[in-house]
Amino acid sequence: MKKIILLLPIVGAAVAAHAQSSVTLQGTVDIGVNYVKGSRTSLTQLMSGGNATSKLVFRGIEDLGGGMYAMYWLESGFNADNGTFQASNTNNQPSGATPANGMSFNRRSIVGIGGSWGEIHLGRDWSPSYETYTGKFDPFALGVGLGLNYAGGINPNQVRASNAIAYISPKVFGGFSVNAQHWRGENASGTATSGDGTGGGGRLMYDNGPFAAAATFMRTKYAAGSAIYRSLAGAYDFGPARFSFNANKDQQGTLKQSGWMVALTVPIGVTQFKGSYSGIRTNQAGDPEGKKLALGVVYNLSKRTAVYSTLAVIRNSGGGTYAFSGVTTAPNRSSTGFDLGIRHHF
Amino acid sequence: MKKIILLLPIVGAAVAAHAQSSVTLQGTVDIGVNYVKGSRTSLTQLMSGGNATSKLVFRGIEDLGGGMYAMYWLESGFNADNGTFQASNTNNQPSGATPANGMSFNRRSIVGIGGSWGEIHLGRDWSPSYETYTGKFDPFALGVGLGLNYAGGINPNQVRASNAIAYISPKVFGGFSVNAQHWRGENASGTATSGDGTGGGGRLMYDNGPFAAAATFMRTKYAAGSAIYRSLAGAYDFGPARFSFNANKDQQGTLKQSGWMVALTVPIGVTQFKGSYSGIRTNQAGDPEGKKLALGVVYNLSKRTAVYSTLAVIRNSGGGTYAFSGVTTAPNRSSTGFDLGIRHHF
Amino acid sequence: MKKIILLLPIVGAAVAAHAQSSVTLQGTVDIGVNYVKGSRTSLTQLMSGGNATSKLVFRGIEDLGGGMYAMYWLESGFNADNGTFQASNTNNQPSGATPANGMSFNRRSIVGIGGSWGEIHLGRDWSPSYETYTGKFDPFALGVGLGLNYAGGINPNQVRASNAIAYISPKVFGGFSVNAQHWRGENASGTATSGDGTGGGGRLMYDNGPFAAAATFMRTKYAAGSAIYRSLAGAYDFGPARFSFNANKDQQGTLKQSGWMVALTVPIGVTQFKGSYSGIRTNQAGDPEGKKLALGVVYNLSKRTAVYSTLAVIRNSGGGTYAFSGVTTAPNRSSTGFDLGIRHHF
């Protein structure tokens, strides 16, 4: 899927000097029809990103010689159903959420240096646990099929962190890699909450052929109680099908939440069938719990374009009110979601 | 005017797999000096988009084989005189207007599948009546020369609709085509205004050589009274000149508005002379009415670059206060507008 | 550093017609670790643009024949540490500041026509004094090393102006050039502040081989007192080192401010050492004054990529409270700033 825009020097300048210059411009447009229903409301809507987030990416690599390279990655997510863009966060705290609608590089904004020893990134980056929620482990990862364990995250850095420094190791010992990250909350010093939003974490991963696994730990400081996030994920591709799972424990102060997901993906020709079962439970009064069953099919018209459809049901217990985006459901009632869309990578 | 950025696979990957990959990056920068005057105020300003909207476009087509293709079109309008961007709308209702300034794909944000049977689009698209106000029928279409019948639209979907599904037929029977569209307001269910913003419409068009014509009908539901929009347009190019017109009837509840425009375009060498006469009338107290005469000249320095100038006068009656953007005029007084600018397509 | 994306016509169209079509897509990602300290607070943060502003640029030139060309330049600044974008200004007055976060072409948004007689630009452009604060005269120009004389500008057009018309002459008489500019505040007429934000200015510059010098004057009207800005700058490259300075006088009504900076840049191989000493003083009670010493090093990994570090100290007197961005210091106390970052041009 990687494409390079050839960048040639302006006529008259020396060609050799920038022969390796490049910027890759790529992206995704994914829009579907979406029907969601809770016990209280229902909604038929167009929705962006049912199979892959609609996005625009500017990125590139420069060979520095001696096995070193510089790299950057600027990625902006948008809501393709109405043309608006998604929000970023400037300080890794709820107060840092920016207004949505205008374009930002909310999904990634990094510059880095790399070599055989790994990569160092500076900027807004995927946090260590990001990888455990991508399609590598959750075959839906987005839309109505997304594992319910992903819902209601307590930690604002569950997916990304701004103001971060990251080290990503190369694969060693036949498939192991490490990601270590630190991010800053950037509050003025001298107050009780000066450290809020500063945190970090790490990921140990194994990825080799049919087998992949990851374990992550992250902690973001808050005077009111640090937000801690742990996740585990694994996958095994046994040919006719691929099994995967992820699980997480999320807490801040006395509030605790845990979730899990198991999934199966079956490719038949250009069609991919997938199903997942996921759950989430918090320690609030009654121990509210939700479980989701999702079934989906992706029909690949090419390597870049697919038509997809997903049907999913959420069931609540213990007073849970988990529902699909856009609708509400009464405690212990269920919610249904369906989508049918087109996904195009460019 | 179409240009393709060649996208080559990263060196080392198989070239054949993505030989057809492409993204077209194009746009327009159009800025002019603009003088507008009403009976109450006057203003000398720089203005964006006197001849063509300043915009940035990312789009592409992928050949899927078997006569099928996938396509996307992401278009963002901006105010080139100050560098800010234009607003979008998330729900096809006045409440969904987004703040301007930050970039959005406010002008178009679609993904689609096409073939010999036509195209299906999902996303924020040109609504059926859009075509009747483009340069195909109104030779000004923008700036101080824009037909006055375009002013004060009651229907937020007069030009575009978010959350839309559209079918666009190919040309059949020597030039006929159909555009049918449905869009969603996406309000929560169970209230009196749940259906607000949901609507649809269609366009029947004929376009063959010197002759073009279109008829459109659109209706967006509102509990307070559906917004209905009808437009008609036609053009005939008889060689030394091209005649065109459009007309519209716009209503919501008891509020009704109607407008019309007739225009002539005369190309002489690389210069284009154009004139239009347009009017608008609403059924408010006194039947306020405005009429505009516009005269313009476009001098093409190349296929992509032009210098243009327009002079236009609005006359009001019945208590009308129609005036050029940025100024106000007293009832039944006139307003004058002038612009002189540079338009560059890239 | 200039690169062109070759734009080829869609297959089937005539190649010759657009053989010269081009859009250059380029930019910078620059992020560093930044430690700043005042007597009251300190902060460790990630910061964008310590060596060069993080930005995205779309620009191009079209040959119109006969020695004429059309050009456009759209440049958007962003905060690469968190992915948000920077603000623009719609009316050259404090009231026209737009919200940051969403992408705008805040750094430049122009269309122009050029030839052997010079260039005419329309839009949001660098104001005449911009050049005297770039790296041409201030070797830091950004980050903790930026000359202190640049701080606290009274004139919103110190760097850029929206709604502007500019004429830039070619170099004549072996290196002289002129920049003359006019910008509009675009307020409604008929009030005392109608003229606010309207202004203009000019720059006389000499630039030839080792020697460069510039003098600028700008004035923006305000009913409360016009904002006047004068700057002078000079540089001489005597081989092993380059000396440069700039100085400015800034005033609005009775408020006056003056500043100066002297700098030395010493290149040794691919490493650049630089130091500057700068000061600023206002005529408020006590004549508060600040002085900054900055020392920096830039290690170029390639023509496009560098690692840089800067250490700077501000000392205050007369009640001055000048401090580095993000921290505060008590009157007459000092402030310290340090950064270490990666800058990559693409």
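Whatever comes next refers back to the structure up there.
Residues numbered from 1 in each chain as written. Chains lettered and ligands numbered in written order. Predicted model: local features only at pLDDT ≥ 70, side-chain atom pairs only at ≥ 80, totals over all residues. Heavy atoms only, no water.

**Observations regarding the relation of the copies chain A and chain B**
Screw-axis analysis of chain A against chain B gives a translation of 0.0 Å along the axis, an RMSD of 0.0 Å, and a rotation angle of 120°. The symmetry that links the two subunits is that of a three-fold axis. Ranked by how close their C-alpha atoms come to the rotation axis, the residues of chain A are headed by Gly-102 of chain A, at 2.3 Å. With a heterologous cut-off of 20% or less, the 16% of interface residues of chain A that recur at the interface of chain B puts this contact in the heterologous class. (Least-squares fit on C-alpha atoms with pLDDT ≥ 70 in both. Contact = heavy atoms within 4.5 Å.)

**Regarding the pairing of strand E18 (residues 305-317) of chain A**
With twelve bridges connecting them, strand E17 (residues 289-300) of chain A and E18 of chain A associate as antiparallel partners. Looking across to E18 of chain A, one finds that Lys-291 of chain A is bridged to Arg-315 of chain A. (Pairing = 2+ DSSP bridges. Helix = DSSP H or I, 4+ residues; strand = E, 2+ residues; numbered from the N terminus.)

**Describing the side chain of Ser-276 of chain C**
Residues and elements named next belong to chain C. Its location among the elements puts Ser-276 in strand E16 (residues 271-282). For Ser-276, a relative accessible area of 3% translates into the label buried. Sequence-distant contacts of Ser-276, that is, excluding residues within four places in its chain, are made with Phe-140, Gly-145, Met-261, Val-262, Ala-263, Lys-292, Leu-293 and Ala-294. (Buried < 20%, exposed > 50% of the residue type's maximum accessible area, 1.4 Å probe, protein only.)

**Remarks on the pattern of salt bridges**
All chains considered together, the criterion is met by 19 salt bridges over all chains. Its salt-bridge partner being Asp-207 of chain B, residue Lys-136 of chain B comes within 2.7 Å of it at the nearest N-O pair. With Lys-136 of chain B in the loop between strand E8 (118-126) and strand E9 (160-168) and Asp-207 of chain B in strand E11 (residues 199-208), this residue pair connects regions lying 71 residues apart in the sequence. Residue class for Lys-136 of chain B comes out partly exposed when judged on its relative accessible area of 23%. Note on Asp-207 of chain B: relative accessible area 18%, which makes it buried. Of the charged contacts in the structure, one is a salt bridge between Lys-291 of chain C and Glu-289 of chain C, with a shortest N-O distance of 3.9 Å. Residues participating in the shared-partner salt-bridge network are Lys-136, Lys-171 and Asp-207 of chain A. (Salt bridge = Lys/Arg side-chain N within 4 Å of Asp/Glu carboxyl O.)

**Description of the relation of the copies chain A and chain C**
The transformation that overlays chain A on chain C combines an axial shift of 0.0 Å with a rotation of 120°, and the residual RMSD is 0.0 Å. When the interface residues of chain A are mapped onto chain C, a mere 11% of them again lie at the interface, so each copy presents a different face.

**As for the interface of chain A and chain B**
The interface of chain A with chain B comprises 37 residues on the first partner and 45 residues on the second. Between chain A and chain B, roughly 3500 Å² of surface is buried when both sides are summed, and carbon and sulfur atoms account for 70% of that area. For the pair chain A and chain B, the number of links is one salt bridge. For the salt bridge of Glu-62 of chain B with Arg-304 of chain A, the shortest nitrogen-to-oxygen distance reads 3.9 Å. In this assembly, chain A and chain B are joined by eleven residue pairs in polar contact (both at pLDDT 80 or more). Of all the secondary structure elements, the ones that give two or more residues to the side of chain A that touches chain B are strand E1 (3-9), strand E2 (22-37), strand E3 (42-48), strand E4 (55-65), strand E6 (84-85) and strand E19 (335-345) of chain A. A breakdown of the residues in the side of chain A that touches chain B according to their chemical character gives 19 nonpolar, 13 polar and five charged. (Buried area = accessible area lost by both parts, 1.4 Å probe. Polar contact = N/O pair within 3.5 Å; in protein donor to acceptor, adjacent residues only side chain to side chain. Nonpolar A, V, L, I, M, F, W, Y, C, P; charged D, E, K, R; others polar.)

**Overview of a nonpolar patch on the surface**
Among the surface-exposed residues, Phe-211, Tyr-236, Phe-238, Phe-243, Trp-260, Val-262, Leu-264, Tyr-277, Leu-293 and Leu-295 of chain C lie close enough to one another that they form a single nonpolar patch of about 900 Å² accessible area. Where the nonpolar patch is concerned, the elements lending two or more residues are strand E15 (255-268) and strand E17 (289-300) of chain C. (Patch = residues over 30% accessible without salt bridge, like charges linked within 9 Å, V, L, I, M, F, W, Y side chains within 5 Å. Areas by Shrake-Rupley, 256 points an atom, 1.4 Å probe, with all protein chains shown as cover.)

**So, the interface of chain A and chain C**
Each side of the interface is counted separately: chain A has 44 residues, and chain C has 38 residues. Of the roughly 3600 Å² buried between chain A and chain C on both sides combined, carbon and sulfur atoms contribute 70%. For the pair chain A and chain C, the interface holds one salt bridge. Where chain A packs against chain C, one counts eleven residue pairs in polar contact (both at pLDDT 80 or more). For the side of chain A that touches chain C, the element with the highest residue contribution is E1 of chain A, accounting for five residues. Of the residues contributing to the side of chain A that touches chain C, the split by class is 23 nonpolar, 17 polar and four charged.

**What to know about the environment of Gly-152 of chain A**
Residue and element names in this part refer to chain A. For Gly-152, the location among the structural elements is in the loop between strand E8 (118-126) and strand E9 (160-168). Measuring from C-alpha to C-alpha, the distance between Gly-152 and Trp-183 comes to 22 Å, with 31 residues separating the pair along the chain. With residues up to four places along the chain from it excluded, the contact list for Gly-152 reads Asp-250 and Gln-257.

**Concerning the side chain of Arg-203 of chain C**
All names here are of chain C. With respect to the helices and strands, the residue Arg-203 is situated in strand E11 (residues 199-208). Despite its burial, Arg-203 pairs with no opposite charge, the nearest such side chain being Glu-131 at 4.2 Å. Of the polar contacts made by the side chain of Arg-203, one reaches the backbone oxygen of Pro-128; its length is 2.9 Å. If we ignore the near neighbours within four places in the chain, the residues touching Arg-203 are Ser-127, Pro-128, Glu-131, Ser-177, Val-178, Asn-179, Ala-214, Ala-215 and Thr-216. (Lys, Arg positive; Asp, Glu negative; His and termini not counted.)

**Describing the packing of aromatic side chains**
Per the counting criterion, the structure on display carries 39 aromatic pairs over all chains. Taking the centre distance of 6.2 Å and the plane angle of 75° together, the rings of Phe-58 of chain B and Phe-105 of chain B count as edge-to-face. Here the residue Phe-58 of chain B occupies a position in strand E4 (residues 55-65), and Phe-105 of chain B occupies one in the loop between strand E6 (84-85) and strand E7 (108-115), the gap between them amounting to 47 residues. When sorted by exposure, Phe-58 of chain B lands in the same class as Phe-105 of chain B, which is buried. Seen in terms of ring centroids, Trp-126 of chain B and Tyr-130 of chain B are 4.8 Å apart; in terms of plane orientation they differ by 10°. Their pairing is stacked. By relative accessible area, which is 19% here, Trp-126 of chain B ends up buried. What makes Tyr-130 of chain B buried here is its relative accessible area of 18%. One aromatic cluster is present, formed by Phe-58 and Phe-105 of chain A together with Phe-78 and Phe-85 of chain C through successive ring pairs. The ring of Trp-126 of chain A carries the charged tip of Arg-108 of chain A above its face, separated from the ring centre by 3.5 Å. Cation over ring: Arg-59 of chain B sits above Trp-73 of chain B, and NZ or CZ is 4.6 Å from the ring centre. (Phe/Tyr/Trp six-rings, centres within 6.5 Å; stacked < 30°, edge-to-face > 60°. Lys NZ or Arg CZ within 6 Å of the ring centre and 35° of its normal.)

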